[in-house]
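Per-entry structural report
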Amino acid sequence: MGGSGGGIGSLLKVILTNFDVLAGPVVSLAYPLYASIRAIETKSPVDDQQWLTYWILYSMITLFELTFAKLIEWLPFWSYAKLIATCWLVIPYFNGAAYVYEHYIRPYIVQRKAVNIWYVPRKKDFFSKPDDILTAAEKYIQEHGTQAFEEMIHKAEGERKPRTSNYVFYDDDYKY
């Protein structure tokens, strides 16, 4: 019986020695895969942002590792540092991927620029989706978020000058 105690001890030693190798795929691939599938099935854009950002960061880390593989071989702590960083990115309590996106990636990608969403609709053909102001507003909100849309509306309201309009709007629900 004394041999089985040594066998369990040896197994635990192997597990603890290789914890980063065993936990890495679970933390960096299996759980994010599961959470990403769940995020697709929800209507919330928050979890979509978290997991899309995670996969972007995971890709960047992988490219970094591939590029600097020879250097990383000399860093004995790399696998543990990567595991800790991945845990921070993945664990919902921290939402690290969303944090990195909002504070470090988004400021460089999304530059403040004036975007004119008001446009004259194109000529419609039979198969095209109708172009209208609501479609443009929805597209802008999808690309830039509701807060940016609201800020643009408030800015436009502040700059609004009285204008005359040649447009006539019809209300289909109005009883004539």
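Residues numbered from 1 in each chain as written. Predicted model: local features only at pLDDT ≥ 70, side-chain atom pairs only at ≥ 80, totals over all residues. Heavy atoms only, no water.

It is worth spelling out helix 3 (residues 45-67) at this point. Since the α-helix advances by 3.6 residues per turn, residues separated by three or four positions end up pointing in the same direction. The end-to-end C-alpha distance of helix 3 is 33 Å, a good match for the 33 Å that 23 residues give at a rise of 1.5 Å each. Where helix 3 starts, the residue carrying a side-chain oxygen 3.2 Å from the main-chain nitrogen of Val46 turns out to be Ser44. (Helix = DSSP H or I, 4+ residues; strand = E, 2+ residues; numbered from the N terminus. Expected span 1.5 Å × (residues − 1). Polar contact = N/O pair within 3.5 Å; in protein donor to acceptor, adjacent residues only side chain to side chain.)

Turning next to unusual backbone geometry. Positive phi values are uncommon outside glycine, yet Asn95 reaches one of about 50 degrees. Secondary-structure assignment places Asn95 in the loop between helix 5 (78-90) and helix 6 (96-109). Judged by its relative accessible area of 30%, Asn95 is partly exposed. (Buried < 20%, exposed > 50% of the residue type's maximum accessible area, 1.4 Å probe, protein only.)

Counting eleven residues, the largest nonpolar core consists of Ala35, Ala39, Trp51, Tyr54, Leu57, Tyr58, Leu89, Val90, Ala97, Val100 and Ile105. Among the elements of the structure, helix 2 (19-41), helix 3, helix 5 and helix 6 are those that each provide at least two residues to this core. Counting residues per element, this core draws most heavily on helix 3, at four residues. The contact partners of Tyr54, leaving out residues within four places of it in the chain, are Val27, Ser28, Pro32, Thr86, Leu89, Val90 and Ala97. (Core = buried A, V, L, I, M, F, W, Y, C linked by side-chain atoms within 4.5 Å. Contact = heavy atoms within 4.5 Å.)

As enumerated under the stated definition, the model contains one salt bridge in all. Here Glu65 ties to Lys82 by a salt bridge, and the two come within 2.9 Å at their closest N and O atoms. With Glu65 in helix 3 and Lys82 in helix 5, this residue pair connects regions lying 17 residues apart in the sequence. (Salt bridge = Lys/Arg side-chain N within 4 Å of Asp/Glu carboxyl O.)

Once that is clear, we can look at the side chain of Asp47. Position of Asp47 relative to the elements: it lies in helix 3. Buried within the structure, Asp47 lacks any salt-bridge partner; its nearest side chain of opposite charge belongs to Arg38, at an N-O separation of 7.5 Å. At a separation of 2.6 Å, a polar atom in the side chain of Asp47 contacts the side chain of Thr42. (Lys, Arg positive; Asp, Glu negative; His and termini not counted.)

Inspection of the secondary structure assignment puts Cys87 in helix 5. Residue Cys87 is classed as partly exposed on the basis of its relative accessible area, which comes to 23%. Spatially, the C-alpha atoms of Cys87 and Val27 are 6.5 Å apart, while their sequence positions differ by 60 residues.

Further remarks concern the UniProt feature "transmembrane region" (unreviewed entry) in the protein chain. Taken from the UniProt record, the annotation "transmembrane region" (unreviewed entry) applies to residues 21-40, 52-72 and 78-101. Secondary structure across residues 52-72 comprises 95% helix and 0% strand; the distance between its end C-alpha atoms is 26 Å. Regarding residues 78-101, the helix share stands at 79% and the strand share at 0%, and the terminal C-alpha atoms are separated by 23 Å. (UniProt positions renumbered as here; feature names shortened; annotations may be inferred.)

So, about a nonpolar patch on the surface. Taken together, Trp88, Ile91, Tyr93, Phe94, Tyr99 and Tyr104 make up a surface patch of nonpolar side chains, about 680 Å² in accessible area. With respect to the element layout, Ile91 can be found in the loop between helix 5 and helix 6. (Patch = residues over 30% accessible without salt bridge, like charges linked within 9 Å, V, L, I, M, F, W, Y side chains within 5 Å. Areas by Shrake-Rupley, 256 points an atom, 1.4 Å probe, with all protein chains shown as cover.)

Turning next to the packing of helix 3 against helix 6. At a closest axis distance of 8 Å, the pairing of helix 3 and helix 6 adopts a crossing angle of 75 degrees. Judged by the angle between their axes, helix 3 and helix 6 are roughly perpendicular. In this structure, helix 3 contributes Gln49, Gln50, Thr53, Tyr54 and Leu57 to the contact, and helix 6 contributes Gly96, Ala97, Ala98, Val100, Tyr101, Glu102 and Ile105. Of the residues contributing to the contact of helix 3 with helix 6, the split by class is seven nonpolar, four polar and one charged. (Axes fitted to C-alpha atoms, helices over the stretch in contact; angles between N-to-C directions. Parallel < 35°, antiparallel > 145°, perpendicular 65-115°, else oblique. Nonpolar A, V, L, I, M, F, W, Y, C, P; charged D, E, K, R; others polar.)

Where helix 3 contacts helix 5, the two axes come as close as 11 Å, and the packing angle between them is 165 degrees. Viewed along their axes, helix 3 and helix 5 adopt a mutual orientation that is roughly antiparallel. Read as a crossing pair, helix 3 and helix 5 show a hand that is right-handed. Contacts from Gln50, Trp51, Tyr54, Leu57, Ile61, Phe64 and Glu65 in helix 3 reach Trp78, Lys82, Thr86, Leu89 and Val90 in helix 5. Class assignment for the residues of the contact of helix 3 with helix 5 results in eight nonpolar, two polar and two charged. (Left-handed = near helix turned anticlockwise from the far one by under 90°.)

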